[in-house]
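Given next are the chains, with one letter for each unit.
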Amino acid sequence: MTDQKNLILAIALSLAILLGFQFLFPAPKPTTPSGQQQTTTAATTSTASPQAPTTVGGAAQAPMDRAQALAQSQRVKIEAPRVHGSINLTGGRIDDVTLRDYRETVDPNSPEIVLLTPLGGPSAYYADYGWAPADVSVQVPGAGTVWTADRDTLTADAPVTLSWDNGQGLVFKRTISIDANYMFTVVQSVVNNTDKPVQLAPYGRVLRFGTPVTQGYYVLHEGPYGVFNGTLEEKTYKDIQDDKAVKNSTTGGWLGFTDKYWLAALIPDQAVKVDTQFLHQSDGEGRYLATYQADAMTVAPGQTVDSTGRLFAGAKEVDLISSYADTLHITKFDFAIDFGWFWFLTKPFFKILAWIHSVVGNFGLSIMIFTLALKLLFYPLADKSYRSMAKMKALQPEMVKLRERFADDKAKQQQELMALYKREKVNPAAGCLPILIQIPVFFALYKVLLVTIEMRHAPFFGWMHDLSAPDPTTVFNLFGLIPWTPPAMLMIGAAPIIMGFTMFMQQKLNPAPADPVQAKVFMALPIVFTFMLAHFPVGLVVYWAWNNTLTILQQWSIMKRMHVKISGGVEEGAESPVALPPSVARKKNGNGDAKAPANRKPAGRKG
């Protein structure tokens, strides 16, 4: 019994530490360093190795808001099924993207999520494409180039073509299209009307100004990442600051920057070898670049060459990301969603929840139905475990006597306890099985709630309008009756309190620890978990409370059938349909002897 309690206690405390660690000690948020020297230059002067520019041209601008920055230049409007925005004709940049289907808050009238924003505005974030010349005397379009567009609006049915003549016999064109979701396709072409060949290397870039504020969870990646040669590499913004440039060469793959739910990723031609790099520049507010560049292409006189790349700028929806990986053959693009090391559990869990949601229309109900299904799946194992725990509870009076009898001889006490377990055919470790099963389920579900955008702003019932966010209520202002907003530590909502109560009730059904210190720790665990889980997604709290409730019902049913009192011991009255431990049966008869069956005469007597 002591071993069992120690194991359960160790598991519970380990779980508390794992959950509490990232709440109490979140990952340090990167800060933009100041005073460092810029480590890259605008372009190479070598004719043998063209390089994409790593700086942004143009004169310095006074700070302005986003609307003012958008008004600084002529633009081609973007009107796609799921995207609003515009393309900047100065530089030909895709620098204005808002997501039509996603809002900043649960209020449907709140502003659309802004993903990409123009240079000059706060936290500029945009993508551009171009050509790096082998001969620097060749003029190529840059950040200040003003393009000419063949139409005013880009739609899913009508691409836009930008054109620019360098005045030296080279005509550059950039055809931009967008599908019904978030995938831009950019086809760059060059027409050589000179009498000499030129060498140009196509490139694509995503630039992000300032260090974004991240959630700070160790189990959630936010920052630079990509797939190179079939391997996912994840970097933090601090990594890029320290390493200055992180380089790879790859055929197939992608790279970019991710937030919790949003992604801006460059996708080169999957059949072409490219050189990639992440780098950081600290001048001004600092900026991060994700770039790829293919080998230089020779454009003969009178010839036209082109290069195709893609840009994903949108929400990381599981099915959509997977479909792009399959239909566009983008190497491991589904890895853009961080399902973690236990993806073999996390991803199927999400698929099941999404399917249930398609039937019932509520992710909170989906979690409850999924939890019930898991309970039914593991019912035989859990039933055996809870029966063993019920027998242990019935044996507690005998165990207390043994501890009192051998209080000064711990070795003998343990020996007698083991003999009791063996004699009564009770496994003291069997009660750990439900906890061991619950832990991977808990973490997999936690990961699903944390990383999948489908859970974002998904309502349950009543006051729970977003399963991916903590319970918005708190007992410390009487759930909103008092006009006072408590500090974050005191945001203990109704759902965590319900969860803590179910955890307490479940403990009442378990055998109580004989060690008073352990008993006090176990009694404190519901309070500790109530405070910790109050700051976790409410969907996770719903799962935990519902799982506890199902466990209580299952344990209560088993103990009722076995005539085991919740407070310990065995009920008086009818015989249990399940065989009780002989020592308990003897105690029940009141004479120290097992009661003889009704259809059989007592041994040693003549009829």
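Here, every reference points to the structure presented above.
Residues numbered from 1 in each chain as written. Predicted model: local features only at pLDDT ≥ 70, side-chain atom pairs only at ≥ 80, totals over all residues. Heavy atoms only, no water.

Caption draft 1: Representation of the packing of aromatic side chains within the structure. The final tally for this structure, using the stated rule, is 19 aromatic pairs. On the numbers, 6.4 Å between centres and 80° between planes, the contact of Phe228 with Phe278 is edge-to-face. Here the residue Phe228 occupies a position in strand S12 (residues 223–228), and Phe278 occupies one in strand S17 (residues 273–281), the gap between them amounting to 50 residues. Exposure class is identical for Phe228 and Phe278. Each is buried. Ring centres of Tyr261 and Trp262 lie 5.9 Å apart, and the angle between their planes is 65°; on these two criteria the pair is classed as edge-to-face. There is no split in this pair, since Tyr261 and Trp262 are both buried. A connected cluster of aromatic rings, assembled from ring pairs, spans Tyr182, Tyr225, Trp254, Phe312, Tyr324 and Phe333. One cation-aromatic arrangement involves Arg208 over Tyr125; the distance from NZ or CZ to the ring centre is 4.2 Å. (Phe/Tyr/Trp six-rings, centres within 6.5 Å; stacked < 30°, edge-to-face > 60°. Helix = DSSP H or I, 4+ residues; strand = E, 2+ residues; numbered from the N terminus. Buried < 20%, exposed > 50% of the residue type's maximum accessible area, 1.4 Å probe, protein only. Lys NZ or Arg CZ within 6 Å of the ring centre and 35° of its normal.)

Caption draft 2: Inspection of the sheet that holds strand S15 (residues 253–258) at higher detail. Strand order in this open sheet of nine strands is S6-S8-S9-S10-S20-S16-S15-S12-S13, and the pairing throughout is antiparallel. This sheet does not close on itself; its edge strands, each paired only once, are strand S6 (148–149) and strand S13 (231–234). Bridge count between S15 and strand S16 (residues 262–268): four bridges; the pairing is antiparallel. Residue Gly256 lies in a different strand from S16, and its bridge partner there is Ala265. (Pairing = 2+ DSSP bridges.)

Caption draft 3: Inspection of the pairing of S12 at higher detail. With six of its six residues buried, S12 lies for the most part within the structure. Inspection of the sheet shows S12 paired to S15 by six bridges, in the antiparallel sense. Along S15, the bridge assignment pairs Tyr225 with Gly256. Note that S12 and S13 share four bridges and pair antiparallel. By the bridge assignment, Gly226 is partnered in S13 with Glu233. A loop of two residues connects S12 with S13, the two strands running antiparallel in sequence, and Asn229 in this loop sits at a positive phi of about 55°.

Caption draft 4: Expanded view of the side chain of Thr161. On the secondary structure map, Thr161 appears in strand S8 (residues 160–165). The class for Thr161 is buried, based on a relative accessible area of 18%. Engagement of the side chain of Thr161 in a polar contact is seen with the side chain of Thr175, the distance being 3.1 Å. Those residues in contact with Thr161 that lie beyond four places of it in its chain are Thr148, Ala149, Asp150, Lys173, Arg174 and Thr175. (Polar contact = N/O pair within 3.5 Å; in protein donor to acceptor, adjacent residues only side chain to side chain. Contact = heavy atoms within 4.5 Å.)

Caption draft 5: Spatial organisation of helix H10 (residues 494–509). Between its first and last C-alpha, H10 extends 23 Å over 16 residues, near the 22 Å set by a 1.5 Å rise per residue. Residues Ala494, Ala495, Pro496, Met499, Gly500, Thr502, Met503, Gln506, Gln507 and Leu509 constitute the buried set of H10. (Expected span 1.5 Å × (residues − 1).)

Caption draft 6: Region of the structure containing unusual backbone geometry. Located in the positive-phi region is Asn229, a residue other than glycine, with phi close to 55°. Here Asn229 is to be found in the loop between S12 and S13. Note on Asn229: relative accessible area 51%, which makes it exposed. One non-glycine residue, His329, lies in positive phi territory at about 55°. Residue position: His329 is located in the loop between helix H4 (318–327) and helix H5 (343–360). Of the residues examined, His329 reaches a relative accessible area of 61% and is grouped as exposed.

Caption draft 7: Summary view of the pattern of salt bridges. For the coordinates displayed, the defined rule picks out 13 salt bridges. For Asp95, the salt bridge goes to Arg75, with nearest N and O atoms at 2.7 Å. Here the residue Asp95 occupies a position in strand S3 (residues 93–103), and Arg75 occupies one in strand S1 (residues 75–79), the gap between them amounting to 20 residues. For Glu79, the salt bridge is made with Lys77, and the minimal N-O distance between the two is 3.5 Å. On the basis of relative accessible area, Lys77 is assigned to the partly exposed category, the value being 44%. When salt bridges that share partners are traced, they join Lys77, Glu79 and Arg100 into one network. (Salt bridge = Lys/Arg side-chain N within 4 Å of Asp/Glu carboxyl O.)

Caption draft 8: Geometry of the packing of helix H6 (residues 363–377) against helix H12 (residues 538–561). Running from N to C, H6 and H12 cross one another at 40°; their axes reach a closest spacing of 10 Å. By the angle between their directions, the pair H6 and H12 is classed as oblique. Relative to H12, H6 is oriented so that their crossing is right-handed. Contact residues: Ile367, Met368, Thr371, Leu372 and Lys375 in H6; Gly539, Val542, Tyr543, Trp546, Asn547, Leu550, Thr551 and Gln554 in H12. The class makeup of the residues in the contact of H6 with H12 is seven nonpolar, five polar and one charged. (Axes fitted to C-alpha atoms, helices over the stretch in contact; angles between N-to-C directions. Parallel < 35°, antiparallel > 145°, perpendicular 65-115°, else oblique. Left-handed = near helix turned anticlockwise from the far one by under 90°. Nonpolar A, V, L, I, M, F, W, Y, C, P; charged D, E, K, R; others polar.)

Caption draft 9: Looking closely at the environment of Pro268. Residue placement: Pro268 occurs in strand S16. With relative accessibility at 7%, the residue Pro268 sits in the buried group. Residues Pro268 and Thr308, spaced 40 residues apart in sequence, show a C-alpha to C-alpha distance of 7.2 Å. Ignoring anything within four residues of it in the chain, the contact list for Pro268 reads Gly253, Trp254, Val274, Tyr292 and Thr308.

Caption draft 10: The arrangement of the nonpolar core in detail. Counting residues in each nonpolar core, the largest one holds 114 residues, and the members touching the most others are Phe184, Phe312 and Phe333. Shared between two domains, this core takes at least three residues from each, and those domains are domain 1 (120–335) and domain 2 (355–562). Beyond its immediate chain neighbours, meaning those up to four positions away, Phe333 contacts Met183, Trp254, Leu263, Ala265, Ile267, Phe312, Ile321, Tyr324 and Ala325. Membership of the second largest hydrophobic core comes to nine residues, among which are Met399, Phe406, Leu417 and Tyr421. (Core = buried A, V, L, I, M, F, W, Y, C linked by side-chain atoms within 4.5 Å. Domains from an automatic or database assignment.)

Caption draft 11: Structural detail: the packing of H10 against helix H11 (residues 516–533). Packing of H10 against H11 brings their axes to within 9 Å, and their N-to-C directions diverge by 160°. Comparing the axis directions of H10 and H11 gives the class roughly antiparallel. Note on packing geometry: the crossing formed by H10 with H11 is right-handed. Contacts between H10 and H11 involve Pro496, Ile497, Met499, Gly500, Met503, Phe504 and Gln507 from the former and Phe522, Met523, Leu525, Pro526, Phe529, Thr530 and Leu533 from the latter. Partitioning the contact of H10 with H11 into residue classes produces eleven nonpolar, three polar and no charged.

Caption draft 12: Geometry of H11. Given a rise of 1.5 Å per residue, 18 residues ought to cover 26 Å, and the 26 Å separating the end C-alpha atoms of H11 matches this to within 8%. In H11, a bend of some 30° at Ala524 exceeds every other bend along the element, and Pro526, a proline, comes one to four places later. All of the buried residues along H11 are Gln518, Phe522, Leu525, Pro526, Phe529, Thr530, Met532 and Leu533. (Bend = angle between axes of the 7 residues up to and from the residue.)

Caption draft 13: Up close: a nonpolar patch on the surface. On the surface, Val475, Phe476, Leu478, Phe479, Leu481, Ile482, Trp484, Met489, Ile497, Ile527 and Phe531 cluster together into a nonpolar patch covering about 1000 Å² of accessible area. Tracing the chain through its elements places Ile527 in helix H11. Note on Ile527: relative accessible area 53%, which makes it exposed. (Patch = residues over 30% accessible without salt bridge, like charges linked within 9 Å, V, L, I, M, F, W, Y side chains within 5 Å. Areas by Shrake-Rupley, 256 points an atom, 1.4 Å probe, with all protein chains shown as cover.)

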